[in-house]
Amino acid sequence: MSSTDLMRWPDPTAPASPMPSEARAAPASPLVEIVLPVYNEEHVLAGSVQTLHRFMRERLGVPFQITIADNASTDDTLARARALAGELEEVRVLHLARKGRGGALRQSWLHSEADVVAYMDVDLSTDLTALPALLGPLLAGHADVAIGTRLAPGAEVARGVKRELISRSYNILLRVLLDVSFSDAQCGFKAARREVLGPLLAQVQDDGWFFDTELLYLAQRSKLSIHEVPVRWRDDPDSRVAIARTALEDLRGVRRLRRANRRLRPGAASPGALSTAATVRTRSCP
Ligand SMILES: Nc1nc2c(ncn2[C@@H]2O[C@H](COP(=O)(O)OP(=O)(O)O)[C@@H](O)[C@H]2O)c(=O)[nH]1
Ligand SMILES: [Mg+2]
């Protein structure tokens, strides 16, 4: 793989881009790993993996791996994942006994040898055309973390009123209570330079749905640059999320982070005042 492959990457942040926390030259032949966390996804798994594999082979321009991270599925997901890994050279399977999407991402990323790691929901709710814009700034060394957002100008979102309301309210809450500056904590479409993830993963406690929020919050506090990509999102009604229970766990998670913040700086008045973060946000359209 030659360095000219990197030239294919659109990097919308390039001209005025903030350098990541520890600016480094982009690796000459970077490896990208996309994790697909799955729980009981036997029906969509093969189609999604094949679609993603084709997209990456034809459009990526750098070596890649796809890791199917299964937790405790009780259907045929694991067997189908293994069959896909047998068919496609770049596909591998990670199997974990304990449930929890955050834990699956944590284990996958800790075992990764890629330069840039990412994950996306297996239902491919996010249009894959946003993938180059997600990975480009990380591959070019211009950002540390990149997230898809459904809540920034340029995003096109098709989802029900209930999920839309919950999502908007949750992200407003995060801004008010935790002073975050990223616009969408929960979009299942994220990536990071692996070298910045190690220290973050050591601090993230949640192994469930709050994992994303906690990771981004800590990234902001660590002054990592977070690149936002407005995405096209088509909600898949076949959901693994128990909304009431997840909302409660999210609120508990927010309370835990606020308390931890107070313990760190007892005199400060609000998480905003406490935060050492200066997250830099850049945006690009898919
Ligand atoms: N590894 C793993 N993946 C999970 C678990 N729960 C959900 N997922 C995956 O997380 C992704 C998002 O789940 P989904 O039900 O589509 O969430 P929604 O789009 O927010 O309703 C999918 O790829 C699921 O298969 C879990 O416990 N472990
Ligand atoms: Mg979904």
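As shown above, the structure is provided for reference.
Right, let's walk through the structure included here. All values derive from a computational prediction rather than experimental measurement. (Residues numbered from 1 in each chain as written. Chains lettered and ligands numbered in written order. Predicted model: local features only at pLDDT ≥ 70, side-chain atom pairs only at ≥ 80, totals over all residues.)

### A few points about the overall build of the protein
Logical step 1: Check the secondary structure of the protein and you find ten helices and ten strands.
Logical step 2: Expressed as a percentage of its 286 residues, the buried residues of the protein come to 46%.
Logical step 3: If you take every contact in the protein between residues at least 6 apart in sequence, the share linking residues at least 24 apart comes to 83%. (Helix = DSSP H or I, 4+ residues; strand = E, 2+ residues; numbered from the N terminus. Buried ≥ 20, exposed ≤ 12 C-beta atoms within 10 Å, placed from the backbone. Contact = placed C-beta atoms within 7 Å.)

### Regarding the site of ligand 1
Logical step 1: Ligand 1 sits among 20 residues. The nearest are P37, Y39, A104, S239 and R240.
Logical step 2: Elements represented by at least two residues in the shell around ligand 1 include exactly β1 (32-38), β2 (64-71) and α4 (101-111).
Logical step 3: The element best represented in the shell around ligand 1 is β2, accounting for three residues.
Logical step 4: Taken together, the residues of the shell around ligand 1 sort by class into seven nonpolar, five polar and eight charged.
Logical step 5: A domain split of the shell around ligand 1 shows at least three residues from each of domain 1 (29-124) and domain 2 (150-187 + 203-286). (Near = placed C-beta within 6 Å. Nonpolar A, V, L, I, M, F, W, Y, C, P; charged D, E, K, R; others polar. Domains from an automatic or database assignment.)

### Topic: the environment of L96
Logical step 1: On the secondary structure map, L96 appears in strand β3 (residues 91-96).
Logical step 2: Between the C-alpha atoms of L96 and Q107, which are eleven residues apart in sequence, the distance is 8.6 Å.
Logical step 3: Filtering out sequence-adjacent residues up to four positions away, L96 remains in contact with N71, G103, A104 and Q107.

### Points about unusual backbone geometry
Logical step 1: Residue D179 is not a glycine yet carries a positive backbone phi of 60°.
Logical step 2: Mapped onto the elements, D179 comes out in the loop between α6 (161-178) and β7 (189-193).
Logical step 3: Residue D179 is classed as partly exposed on the basis of its C-beta count, with 19 C-beta atoms lying within 10 Å.
Logical step 4: Positive phi outside glycine occurs at K223, with the angle close to 60°.
Logical step 5: We classify K223 as partly exposed; it has 15 C-beta atoms within 10 Å.

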